[in-house]
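Below are the chains, spelled out letter by letter.
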Amino acid sequence: CVLCRRAEADPHICGNKFEKNGLYAHACCLWFANGLRSLQDEREWLVFLLRDVRRAAERAAQQECFVCGESGAAITCWETGCDRSFHLPCAAEGECVTQYFAPFRSFCWEHRPEQTVEATPEEDTSCLLCLELVEEMKSYGTMVCPACKHAWFHRGCIQAGAVPSARGTAGAQQHQGLTPAPCVPLQGQAVHGGFSLFQCPLCRDRDLFRKEMLTMGIRVPKSLPRWDAQEFAALNQRHSRCDA
């Protein structure tokens, strides 16, 4: 990719790689590259002119990634006056936020948006998706559902994690009667569920949860779910009775 200088990159973060006249670029690298304007075709797809992509790559060659130290950083923090630049694959390591919706803004660790919901995890709270302990407070890597304020999870897990089964979900059992619907492990909730089914893994809120996660830099593809609807029907079910 001429914009991140990676032959291989996580498609969940960088998108598919395209080629035109010997020029390769990831879809999301195109979205976030500095000064790269897009057009829309008859299908309302974003289209980039080859000459503009080449110019963007030339500009990136003069910029150093503040995360890895290599040149070719095509993305610069959106904050006025901040000149921190980075490669899209380096964003997570540098605790940067890239918002996957127009106008495709990117922020460095200092200027990134943070969750404003007032919530603190209880002691020994586990991530609902991987069952490992979360941090003691909200952070770049530890997030909470803004709707129920009880669902805690790792950033990496909600982007490409595993929806837990009902058994052994220690993190869920401590959250005051809110219990995840029974479901089997599933890799990549945001990516595989797509926009239509992306929801809080605990309270099942969609609207507020989606908006918050998108703002915090979680990529949720606007695509149909990538799993069999009947096999994973439990994802849309609420627990209907009290177990106390």
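The chain goes by G2/M phase-specific E3 ubiquitin-protein ligase in an unreviewed UniProt entry, where it is assigned to Buceros rhinoceros silvestris. Taken directly from UniProt, the Subcellular location (unreviewed entry) text for the chain runs: "Nucleus". The chain has a UniProt comment under Pathway (unreviewed entry) that states "Protein modification; protein ubiquitination."

As defined by bridge partners, strand β1 (residues 17-20) adjoins strand β2 (residues 23-26) across 4 bridges and the pair is classed as antiparallel. Within β2, the residue paired with Glu 19 across the bridge is Tyr 24. Between β1 and β2, which pair antiparallel and follow one another directly, the connecting turn spans 2 residues, one of which, Asn 21, has a positive phi of 55 degrees.

What follows covers unusual backbone geometry. Cis geometry is found at the peptide bond from Ala 102 to Pro 103, where omega equals 10 degrees. Secondary-structure assignment places Pro 103 in the loop between β7 (97-98) and β8 (106-107). In this structure, Phe 104 takes a positive phi of about 55 degrees despite not being glycine. By the element assignment, Phe 104 lies in the loop between β7 and β8. On the accessibility criterion, Phe 104 (17% relative accessible area) is buried.

Okay, the nonpolar core next. Core analysis: the biggest nonpolar cluster contains 28 residues, and Leu 3, Leu 30, Phe 32, Leu 36 and Leu 88 have the highest contact counts within it. Those residues in contact with Leu 88 that lie beyond four places of it in its chain are Ile 13, Cys 14, Cys 28, Cys 29, Phe 32, Ile 75, Thr 98 and Tyr 100. Within the second largest apolar cluster, 25 residues are counted, among which are Trp 152, Cys 203, Leu 214 and Ile 218.

Conventions and cut-offs
Residues numbered from 1 in each chain as written. Predicted model: local features only at pLDDT ≥ 70, side-chain atom pairs only at ≥ 80, totals over all residues. Heavy atoms only, no water. UniProt positions renumbered as here; feature names shortened; annotations may be inferred. Pairing = 2+ DSSP bridges. Helix = DSSP H or I, 4+ residues; strand = E, 2+ residues; numbered from the N terminus. Buried < 20%, exposed > 50% of the residue type's maximum accessible area, 1.4 Å probe, protein only. Core = buried A, V, L, I, M, F, W, Y, C linked by side-chain atoms within 4.5 Å. Contact = heavy atoms within 4.5 Å.

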